[in-house]
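Secondary and tertiary structure notes
The primary structure of each chain is shown beneath.
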Amino acid sequence: MLRRFLTLILTIQLLAVAPAAVSAQEADAPAQPVDRSATGGAQTLEDILARQRGEVVDDTFRREDDGRDATMPNVGALGTLGGASDPELWRALRYDSANISSTARGPAATTLMQDGGMWWLEFRQGPLREYGAYLLGGTLLLLALFYLIRGRIRIDGEKTGRTITRFQAVERFGHWLLAGSFLLLAATGLLTLFGRVAIIPLLGHEAFAPMAVASKWVHNNVSWAFMVALVMIFVMWVVHNLPDRTDINWLLKGGGIFTKGHPPAKKFNAGQKLIFWSVIVFGASISASGLSLLFPFELPMFALTFEKLNALGLPQLVGLGELNTVLAPHEEMQYAQLWHSIMSFVLIAIIFAHIYIGSIGMEGASDAMTSGEVEEQWAREHHSLWVDEVKAKETQAPKGATPAE
Ligand code: HEM
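Given the structure is predicted, the values throughout are model-derived calculations rather than measurements.

Time to look at the layout of surface pockets. Roughly 1300 Å³ of internal volume is contained in the largest pocket. Taken together, 50 residues form the lining of the largest pocket, with Gln 272, Ile 275, His 354, Ile 357 and Gly 358 sitting closest to its centre. Take the lining of the largest pocket: its biggest share by element is 10 residues, from helix H12 (residues 329-358). The class makeup of the residues in the lining of the largest pocket is 33 nonpolar, 16 polar and one charged. Every residue lining the second largest pocket is counted, 37 residues in all, and those nearest its centre are Gly 189, Thr 192, His 219, Leu 293 and His 340. Mapped by element, the contributors of at least two residues to the lining of the second largest pocket are helix H5 (116-150), helix H6 (169-203), helix H7 (205-237), helix H9 (270-294) and H12. At 10 residues, the largest contribution of residues to the lining of the second largest pocket is made by H6.

In structure tokens:
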């Protein structure tokens with residue numbers, strides 16, 4: 001009887017308390033943070049009982065806890081790693097033995113870490129940037145100094161008022177396609193390499209991020225225009241850039257830069273031939289390493305090159321020993337990136353000098369690549385043998401003459 005009475009009282013109490021508890025929970029939302037300091041942040045007995053009572057328990061404190069104590073790494077409760085320790089997992093990742101579940105099974109999918117990466121990163125962030133900046137800055141300084149000492153190279157004689165056609169439209173198109181694409185590639189390449197140290201401190205991450213994305217897009221796509229233009233100028237101008245006897249005389253006289261009068265030259269003088277071959281050789285090398293970077297799995301370059309160099313005995317000769325010929329795709333890309341940048345730095349420095357001499361450095365030069373027509377006196381002073389050739393051709397076949405005449 002007493003038991004029945006107590007049960008009835010309890011039931012009435014529960015019925016009275018339950019809605020009150022629910023409404024209290026609803027009224028309290030959002031729930032106050034629960035003090036779990038007694039369990040070190042783990043769930044409490046009350047959490048467990050609440051779940052058993054079927055109540056909704058906010059479990060973010062467990063879901064977002066990876067088991068690591070930020071102040072004491074690797075100490076404390078077992079986290080999401082279960083019984084595996086961090087060092088074991090990192091070791092497996094580092095030596096490609098981790099069980100990586102990925103649907104994208106590309107080549108080298110299991111290589112998530114690679115020792116050479118650190119060496120490459122440090123070189124890229126250190127000496128590459130530093131010496132690259134010295135090279136470009138030093139070249140600009142030398143050119144400024146040259147300008148101060150020598151001044152503009154003027155046309156010495158009387159201008160004739162007559163012009164000679166120096167470059168046809170297709171030649172000028174090829175040149176400007178090459179120049180335009182090269183300048184864009186140089187600017188975006190330098191932005192990629194120096195952005196973190198030069199742009200982020202000035203404009204911040206938010207501003208640099210879209211610049212970096214745009215830079216990469218421009219760099220990858222404009223490269224095709226550069227390669228096309230490179231082939232164009234090679235085909236059009238290689239004949240005029242083959243070395244001949246006049247070059248020795250021109251070089252011995254230093255192009256007449258510091259003396260009165262310039263040594264005789266054909267269409268291109270020895271200095272221009274050096275520029276032409278630099279553009280071809282460095283441009284081809286930059287293009288090849290760039291293609292290797294765009295298609296690392298299809299066009300690896302370095303293992304093959306190292307094999308050939310080893311066979312020739314060159315690395316052994318300079319004390320480097322045999323070069324490693326088994327390279328992961330990542331290593332291929334690291335070498336390709338360094339080669340690409342170093343070759344580009346050298347070519348940019350050479351092109352600085354070319355732009356200087358083709359614009360403010362020499363009176364009358366830029367006309368050749370703008371209108372295509374140059375002052376005859378300029379042509380006589382810089383390319384006397386070429387003028388003779390042109391004039392000889394003109395006398396053989398006068399302008400407007402047809403074969404029937
Ligand atoms: C925007 C700046 C540039 C200017 C003002 C400029 C100007 C010139 C001029 C005036 C010539 C003809 C010289 C002559 O009549 O003999 C020339 C030729 C040439 N340019 Fe440029 N150029 C520029 C950029 C470039 C770039 C970026 C490249 C290559 C990446 C390049 C490659 C060449 C080559 C290979 C020749 C023929 C060889 C020579 O004359 O040195 N140019 N340029």
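What follows deals with the UniProt feature "transmembrane region" (unreviewed entry) in the chain. In the numbering used here, UniProt assigns the "transmembrane region" (unreviewed entry) feature to residues 131-149, 176-202, 222-239, 274-295 and 338-357. A helix fraction of 100% and a strand fraction of 0% characterise residues 176-202, whose end C-alpha atoms lie 32 Å from each other.

For the rest of this paragraph, the subject is the site of the ligand. Taken together, 22 residues are adjacent to the ligand, and Arg 166, His 175, Gln 272, His 354 and Ala 368 come closest. One of the side-chain N or O atoms of Gln 272 is found 2.4 Å from an oxygen atom in the ligand. In this structure the site holding the ligand corresponds to the largest pocket. Mapped onto the shell around the ligand, the elements with two or more residues apiece are H6, H7, H9, H12 and helix H13 (367-370).

Summarising the metal site, the iron atom of the ligand is bound by the protein donors His 175 (NE2) and His 354 (NE2), whose distances to it range over 2.0 Å. For the iron atom of the ligand, the six donor atoms in the first shell make angles of 85 to 178° at the metal, a pattern classed as octahedral. Pair noted here: His 175 is in helix H6 and His 354 is in helix H12, with a separation of 179 residues, a long-range link. Taking the relative accessible area as the measure of exposure, His 175 reaches 12% and is therefore buried. Overall, the relative accessible area of 28% leaves His 354 in the partly exposed class.

Right, let's talk about the pattern of salt bridges for a bit. Scanning the model with the defined rule gives 12 salt bridges in all. Across the pair Arg 380 and Glu 376 runs a salt bridge, and its minimum N-O distance is 3.9 Å. Of this pair, Arg 380 and Glu 376 both sit in helix H14 (residues 376-382), separated by four residues, roughly a single helical turn. Judged by relative accessible area, Arg 380 falls into the partly exposed class, the value being 36%. In this structure, Lys 391 engages Glu 376 in a salt bridge whose closest nitrogen and oxygen atoms are separated by 3.3 Å.

For Glu 171, the position within the fold is in helix H6. The residues contacting Glu 171, other than those within four sequence positions of it, are Arg 166, Met 236, Trp 237 and Lys 267.

A word on the confidence of the model for the chain. Overall, the predicted model of the chain reaches an average pLDDT of 85, with 82% of residues at or above 70. Low confidence marks residues 5-29, where pLDDT is under 50. Its contacts with residues over four positions away, or in another chain, come to two contacts. Confidence over residues 401-405 falls short of pLDDT 50; this stretch has one contact with residues more than four positions distant or in other chains.

Calculation rules
- Residues numbered from 1 in each chain as written.
- Predicted model: local features only at pLDDT ≥ 70, side-chain atom pairs only at ≥ 80, totals over all residues.
- Heavy atoms only, no water.
- 1 Å grid on protein atoms, 1.4 Å probe; cavity = no way out; pocket = protein on both sides within 12 Å on 5 of 7 lines; lining within 4 Å.
- Points joined across faces, edges and corners; volume = space filled by probe spheres on them.
- Helix = DSSP H or I, 4+ residues; strand = E, 2+ residues; numbered from the N terminus.
- Nonpolar A, V, L, I, M, F, W, Y, C, P; charged D, E, K, R; others polar.
- UniProt positions renumbered as here; feature names shortened; annotations may be inferred.
- Near = heavy atom within 4 Å.
- Polar contact = N/O pair within 3.5 Å; in protein donor to acceptor, adjacent residues only side chain to side chain.
- Sits in = over half its atoms within 2 Å of the grid points.
- Donors = N, O, S within 2.8 Å, 3.2 Å for Na, K, Ca; no water.
- Tetrahedral: all angles 85-135°; square planar, octahedral: opposite > 155°, others 65-115°.
- Buried < 20%, exposed > 50% of the residue type's maximum accessible area, 1.4 Å probe, protein only.
- Salt bridge = Lys/Arg side-chain N within 4 Å of Asp/Glu carboxyl O.
- Contact = heavy atoms within 4.5 Å.
- pLDDT = per-residue confidence, 0-100.

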